[in-house]
Amino acid sequence: MNPARPPSPLRFSKMHGAGNDFVVLDWRGVDGPLPPALAARLADRHRGVGCDQVLTIEPPRSPGAALAYGIWNRDGSRARQCGNGARCVAAWARRAGLVDADHFVMDSPAGPVATTIVDAAVEVELARPGFDPAMLPFAGGVEDCAVIDGDTVRFMVVSLGNPHAVIEVDDVATVPVAAWGAHLQCDTRFADSCNVGFAQVQSPDRIALRVYERGVGETLACGSGACAAVAVLVRRGRIARHVAVTLPGGTLEIDWPADDAPMRMRGPAEFVFEGVIEA
């Protein structure tokens, strides 16, 4: 598909969910997808607006959906899911008048996302976790390891529509997130790289988490990463099914009612400012 020719100047909204920040573009009237180079320029914190991901609001693709959205990482690569981004898209759609109900469905790159707006928070329903390594895809076992700088680092893989490797650690404050995260993202067993989560169990209903995202680096929060960490720790019998996940940028509530159920995530979605930039 040919790159889009966006309007210039280009209007945008800057938003964040627990510190995970986004540039949101209304792309409904543009023919073609967002050019990767433009996504990377918008995300640049020195030469653009600055964000972890760029989100495009698009026409719905399935019957009954209110809208669709696309996700572009800071480096211009595409992503299939972003929990914090989904909540921000929902809040944007409500403010823009695209939806007036508290419950609606959005089309994400990974499939439909059931959405509920509750006061100042937004709850989204993400996919059922997939523990088949082929879903990521990953050429290894669901429980596996890597040797990094002489340390054997054990992790578990899970798909939430995008690939995750989750490492349980004793202390998220001292773990070498950048070094281990970058190493695993370059591990050739991950055909499409991965998001790397570092999870510390604090109690049966609370964990601390840091996430090193593919195409971005460490972010203040990662919604799908929070879901991935909870799924892995529930499967290991380490935590309850309703958990508060504390990330550097804020706290998300994650609920996984049963193994065969989708995961639900609730958290903030906040507007920062509106603006225009030359495209």
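Everything below is about the structure printed above this text.
This write-up is about the structure you can find in this document. (Residues numbered from 1 in each chain as written. Predicted model: local features only at pLDDT ≥ 70, side-chain atom pairs only at ≥ 80, totals over all residues. Heavy atoms only, no water.)

Quick notes on the overall build of the chain
The helix and strand inventory of the chain stands at four helices and 18 strands. Relative to the globule expectation of 19 Å for 279 residues, the C-alpha radius of gyration of the chain, 18 Å, shows essentially globular dimensions. C-alpha atoms of the chain, sized along the principal axes, occupy 50 × 35 × 30 Å. Working note: accessible area of the chain is about 11,600 Å², and carbon and sulfur atoms make up 50% of it. Averaged over its 26 positive side-chain charges, the chain has a centre that lies 3 Å from the centre of its 33 negative ones. (Helix = DSSP H or I, 4+ residues; strand = E, 2+ residues; numbered from the N terminus. Rg over C-alpha atoms; globule rule 2.2 N^0.38 Å. Areas by Shrake-Rupley, 256 points an atom, 1.4 Å probe, with all protein chains shown as cover. Lys, Arg positive; Asp, Glu negative; His and termini not counted. Charge placed at Lys NZ, Arg CZ, Asp CG, Glu CD.)

Here's the deal with empty space enclosed by the protein
Empty space among the atoms becomes apparent when a probe as large as a water molecule is rolled across them. Enumeration according to the criterion identifies one cavity of 30 Å³ or more in this entry. Each pocket or cavity is described by its volume, and for the largest cavity that value is around 80 Å³. Forming the boundary of the largest cavity are 14 residues, of which Gln-53, Gln-81, Asn-162, Asn-195 and Glu-213 lie nearest the centre. Contributions of two or more residues to the lining of the largest cavity are made by α2 (83–96) and α4 (223–235). A class-by-class count of the residues in the lining of the largest cavity yields three nonpolar, nine polar and two charged. (1 Å grid on protein atoms, 1.4 Å probe; cavity = no way out; pocket = protein on both sides within 12 Å on 5 of 7 lines; lining within 4 Å. Points joined across faces, edges and corners; volume = space filled by probe spheres on them. Nonpolar A, V, L, I, M, F, W, Y, C, P; charged D, E, K, R; others polar.)

Thoughts on the nonpolar core
Counting 56 residues, the largest nonpolar core has Met-106, Ile-207, Leu-209, Val-230, Val-245, Ile-254 and Met-263 as its most contacted members. Aside from chain neighbours lying at most four places away, what touches Leu-209 is Val-172, Gly-197, Phe-198, Ala-199, Gly-225, Ala-226, Ala-229, Val-245, Thr-246, Leu-247 and Pro-248. Among the nonpolar cores identified, the runner-up in size contains 21 residues, and Leu-136, Val-172, Phe-190 and Val-196 belong to it. (Core = buried A, V, L, I, M, F, W, Y, C linked by side-chain atoms within 4.5 Å. Buried < 20%, exposed > 50% of the residue type's maximum accessible area, 1.4 Å probe, protein only. Contact = heavy atoms within 4.5 Å.)

Here's the deal with the environment of Phe-271
Structurally, Phe-271 can be placed in strand β18 (residues 270–277). In this structure Phe-271 comes out as partly exposed when scored by relative accessible area, which is 27%. Separated by 258 residues in sequence, Phe-271 and Ser-13 place their C-alpha atoms 7.3 Å apart.

Structural notes on the packing of aromatic side chains
Taken as a whole and judged by the stated rule, the model has five aromatic pairs. Residues Phe-138 and Phe-155 carry aromatic rings whose centres are separated by 5.8 Å and whose planes lie at 75° to one another, so their mutual orientation is edge-to-face. Remark: Phe-155 occurs in strand β10 (residues 151–159) and Phe-138 occurs in the loop between β8 (121–126) and β9 (143–148); sequence separation between them is 17 residues. A relative accessible area of 5% means that Phe-138 is categorised as buried. Residue classification places Phe-155 among the buried residues on the basis of a relative accessible area of 0%. Relative to Phe-190, the ring of Phe-155 lies with its centre 6.0 Å away and its plane at 40°, an arrangement referred to as tilted. In this pair, Phe-155 sits in strand β10 while Phe-190 sits in the loop between α3 (177–185) and β12 (195–203), placing the two residues 35 residues apart along the sequence. Stacked on the ring of Phe-131, the Lys or Arg Arg-235 has its end atom at 4.3 Å from the ring centre. For Arg-241, the ring lying beneath its charged end belongs to Trp-256, and the centroid distance is 5.0 Å. (Phe/Tyr/Trp six-rings, centres within 6.5 Å; stacked < 30°, edge-to-face > 60°. Lys NZ or Arg CZ within 6 Å of the ring centre and 35° of its normal.)

So, the pattern of salt bridges
All chains considered together, the criterion is met by 18 salt bridges. Among the ionic pairs, Arg-236 bridges to Glu-168, the shortest N-O distance being 3.5 Å. With Arg-236 in the loop between α4 and β15 (242–247) and Glu-168 in strand β11 (residues 163–168), this pair connects stretches of sequence that are 68 residues apart. In this structure Arg-236 comes out as partly exposed when scored by relative accessible area, which is 30%. (Salt bridge = Lys/Arg side-chain N within 4 Å of Asp/Glu carboxyl O.)

Details of the environment of Val-243
Looking at the secondary structure, you find Val-243 in strand β15. Distance from Val-243 to Ala-226, taken between C-alpha atoms, is 9.7 Å for residues 17 residues apart in sequence. Sequence-distant contacts of Val-243, that is, excluding residues within four places in its chain, are made with Pro-204, Asp-205, Arg-206, Ile-207, Val-230, Leu-252, Glu-253 and Ile-254.

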